[in-house]
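# Remarks on the overall topology
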Amino acid sequence: MSKKILLTGCAGFIGSNFIKTIASKNQDYDFVILDALTYAGHLPTIQTDIDENDHLSFVKMDIRNKEDIDSLFSKEKFDGVIHFAAESHVDNSITNPNIFVETNVLGTLNLLNPSLKRHKDLGDQFKFVHVSTDEVYGTLTETDPAFTEQNQIEPNSPYSASKASSDLLVRSYFETFKLNTCITRCSNNYGPFQFPEKLIPLMISNALSDKALPVYGDGQNIRDWIYVDDHNNGIWATYLKGNAGEVYNFGGDAEKRNLDVVKTLLSIVKKPESLITFVKDRKGHDWRYAMNFEKATKELNWKPEVTFEEGLQRTVNWYVENQKWCQEVSST
Ligand SMILES: NC(=O)c1ccc[n+]([C@@H]2O[C@H](COP(=O)([O-])OP(=O)(O)OC[C@H]3O[C@@H](n4cnc5c(N)ncnc54)[C@H](O)[C@@H]3O)[C@@H](O)[C@H]2O)c1
């Protein structure tokens, strides 16, 4: 019988790419996709993949609902969980932090508890991979070395605080109960199917319709950018090979100032830089993120394969051809 993995949050950006590039191609596992279909989740993105693959199924469910999650775990005998589901937009966490705690912290706890029962049955055959973010480490100056897994977590936004809290819960379930957990922490993802609230799709969509491109502060903040497929390969390698209780960093080896990213996008779509509009800086805006991913390279044989230039060109092409998708997800 095939092993069965619960994938949470896979109607969103990273998860839907995971379905297309990894889950739909991997016949050795049955994947149960769980998603509450919030504003950020769009089932049509993955509907064809589900329809065409017998080993993929979908359940609409909210991880905040403990009873529903418990009954799903009783019904489906999962061999593992890859937990993508989260409220993921920093700006929303500043205006409405409560749902970030409910989904990211309590929702994660609701998955950890029934996982313990499966761990009791299966031992370390059962695996729980928690998808987290570089933002839990806080911020770097221009000259600091990149974050390693040894850095303390010092989150600065309600979003990153909620992710850090869930990381600590996952860690505690390894330390206390020996649940076979791994945590992945990754830098800014970009690629197809990203909700157009995030920097790259927002800027492409605005540029294509000659709208202003809002850039926070002076645009000098630095982010490391990773193509979404590279991140998903890292998550899957963690599921297959990650050691219990470990954290793995993933990055794209592509540190860029926000303003430079926006200017590069404008030059690809052949629109003028006069569309750039500087807006009041985000509260508590982290200055710089950078990731040291030597551990993932050494232990998981992972490294990013897609250069920023190549990934950005692919991404722009996709958004140019799929503005209809952007309009659809924005209107639901
Ligand atoms: N996007 C990035 O650059 C990035 C970087 C590092 C880590 N991450 C992490 O990766 C994961 C996925 O991020 P993303 O960018 O795909 O996010 P996303 O916002 O695009 O998708 C999140 C998905 O989770 C679902 N969801 C939200 N609340 C839920 C709930 N209560 N119950 C069930 N499903 C719920 C949504 O419907 C959506 O499909 C998140 O955990 C995020 O913290 C993201």
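Residues numbered from 1 in each chain as written. Predicted model: local features only at pLDDT ≥ 70, side-chain atom pairs only at ≥ 80, totals over all residues. Heavy atoms only, no water.

## A closer look at the sheet that holds strand β5 (residues 127-133)
Within a sheet, adjacent strands bond to each other through the backbone by hydrogen bonds, running parallel or antiparallel. For clarity, the cut-off: At least two DSSP bridges between two strands are needed for those strands to be called paired. The secondary structure listing takes helices from DSSP runs of H or I that are at least 4 residues long and strands from runs of E that are at least 2 residues long, numbered from the N terminus. What counts as an axis is a line fitted to C-alpha atoms, over the stretch in contact for a helix, and the angles between N-to-C directions run from 0 to 180 degrees. Contact criterion: two residues are considered in contact whenever any of their non-hydrogen atoms come within 4.5 Å of each other.
Across the sheet, which stays open at both edges, the seven strands sit in the order β3-β2-β1-β4-β5-β6-β10 with parallel pairing between neighbours. In this open sheet, the two strands that pair with only one neighbour each are β3 (56-60) and β10 (246-250). Direction aside, the axes of adjacent strands within the sheet are offset by 20° on average. Where strand β1 (residues 3-8) and strand β4 (residues 80-83) come together, four bridges link them in parallel fashion. Within the sheet, the bridge partner assigned to Thr8 lies in β4 and is His83. Contacting β1, β4 and β5, helix α5 (residues 98-122) crosses the sheet at an angle of about 165° to β5. Each of β1, β2 (29-35), β4, β5, β6 (181-186) and β10 is contacted by helix α8 (residues 228-241), which is oriented at about 150° to β5, the strand it contacts most.

## Details of unusual backbone geometry
Keep in mind that most residues, glycine aside, have a negative phi and that most peptide bonds are trans. Rules: Accessibility here uses a 1.4 Å probe with only protein chains present; expressed as a share of the type maximum, an area under 20% marks a residue as buried, one over 50% as exposed, and anything in between as partly exposed.
Even without being a glycine, Leu37 presents a positive backbone phi close to 55°. Among the secondary structure elements, Leu37 is positioned in the loop between β2 and α2 (44-52). On the basis of relative accessibility, which here comes to 26%, the residue Leu37 falls in the partly exposed class. Positive phi, normally seen in glycine, also occurs at Lys270, with a value near 55°. Residue position: Lys270 is located in the loop between α9 (258-268) and β12 (276-279). Judged by its relative accessible area of 73%, Lys270 falls in the exposed class.

## Notes on the sheet that holds strand β11 (residues 255-257)
Here we have three strands laid out as an open sheet, ordered β7-β9-β11, and mixed in their pairing. Edge positions in the open sheet fall to β7 (188-190) and β11, since each of these has one partner strand only. Strand-to-strand twist in this sheet, taken as the mean axis angle between neighbours without regard to direction, amounts to 50°. Pairing of β7 with strand β9 (residues 222-227), which is carried by three bridges, proceeds in the parallel orientation. Counterpart to Asn189 in the pairing with β9 is Ile226. In the packing of α8 onto the sheet, the strands contacted are β7 and β9, and the crossing angle to β9 comes to about 75°.

## Some details on the pairing of β1
As a reminder of what qualifies: Note on handedness: a crossover is taken as right-handed if, strands pointing away from the viewer, the path from the first strand over the helix to the second is clockwise.
By the bridge criterion, six bridges tie β1 to β2 in an arrangement that is parallel. Considered in β2, the bridge of Lys4 is made with Asp30. Note on the crossover from β1 through helix α1 (residues 13-21) to β2: the handedness is right-handed.

## Re the site of the ligand
Rules: Being near a molecule or strand, for a residue, comes down to having at least one heavy atom within 4 Å of it. N or O atoms closer than or at 3.5 Å make up a polar contact, with two conditions inside protein: a donor-capable atom paired with an acceptor-capable one, and, for residues adjacent in sequence, both atoms drawn from side chains. Accessibility throughout is a Shrake-Rupley quantity obtained with a 1.4 Å probe, and a residue counts as covered only by protein chains that appear here.
Contacts to the ligand come from 29 residues, most closely from Ile14, Asp35, Ser88, Tyr159 and Lys163. Contact between the ligand and Asp62: a nitrogen atom at 2.8 Å from a side-chain N or O atom of the residue. Within the contact set of the ligand, a nitrogen atom lies 3.3 Å away from a side-chain nitrogen or oxygen of Thr103. Relative to its unbound accessible surface of 840 Å², the ligand loses 96% to contact with the protein. Those elements that place two or more of their residues in the shell around the ligand are α1, β5, α6 (158-177) and β7. Looking at the shell around the ligand, the element that brings in the most residues is β5, giving three residues.

## Points about the layout of surface pockets
This is how it is decided: The distinction between a cavity and a pocket rests on a 1 Å grid over the protein atoms alone: a 1.4 Å probe fits inside a cavity but cannot get out, while a pocket stays open yet meets protein on both sides within 12 Å along at least five of seven lines, and a residue with an atom within 4 Å of a point counts as lining. Grid points are joined across faces, edges and corners, and a volume is the space filled by probe spheres set on the points. The residue classification treats Ala, Val, Leu, Ile, Met, Phe, Trp, Tyr, Cys and Pro as nonpolar and Asp, Glu, Lys and Arg as charged. All others, Gly included, are polar.
For the second largest pocket, the calculated volume is near 310 Å³. Considering the residues around the second largest pocket, the lining is formed by 17 residues, among which Glu149, Arg171, Arg185, Gly245 and Val247 are closest to the centre. Counting residues per element, the ones that place at least two in the lining of the second largest pocket are α6, β6 and β10. Top element by residues in the lining of the second largest pocket is α6. It accounts for five residues. Among the residues making up the lining of the second largest pocket, the classes are represented as five nonpolar, five polar and seven charged.

## Some points on α2
As a reminder, the rule being used: Here the arc refers to the set of directions running from the helix axis out to each C-beta atom.
Buried within α2 are the following residues: Thr45, Ile46, Asp49 and Ile50. Buried residues of α2, viewed axially, fall in a sector of 100°; they line one side. α2 presents Pro44, Asp51 and Glu52 as exposed residues on the side facing more than 90 degrees away from its buried surface. Buried positions along α2 lie against α1, β2, β3 and α12 (323-331).

## Description of the environment of Gly41
Tracing the sequence through the fold places Gly41 in the loop between β2 and α2. Exposure remark for Gly41: the relative accessible area of 12% places this residue in the buried category. The spatial distance from the C-alpha of Gly41 to the C-alpha of Thr238 is 24 Å, given a sequence separation of 197 residues. Beyond its immediate chain neighbours, meaning those up to four positions away, Gly41 contacts Ala11, Gly12 and Asp35.

## What to know about the packing of helix α7 (residues 199-208) against α9
Here is the rule: Angles below 35 degrees are treated as roughly parallel, those above 145 as roughly antiparallel, those between 65 and 115 as roughly perpendicular, and all remaining angles as oblique. If you view the pair so one helix is near and one far, a crossing is left-handed when the near helix is turned anticlockwise from the far one by less than a right angle, and right-handed when it is turned clockwise.
Between α7 and α9, the least distance of the axes is 10 Å, while the angle of their chain directions is 40°. By the angle class used here, α7 and α9 are oblique. Judged by the twist between their axes, the crossing of α7 over α9 is right-handed. Contacts from Leu199, Ile200, Met203, Ile204 and Ala207 of α7 reach α9 at Asn258, Val261, Val262, Leu265 and Leu266. A class-by-class count of the residues in the contact of α7 with α9 yields nine nonpolar, one polar and no charged.

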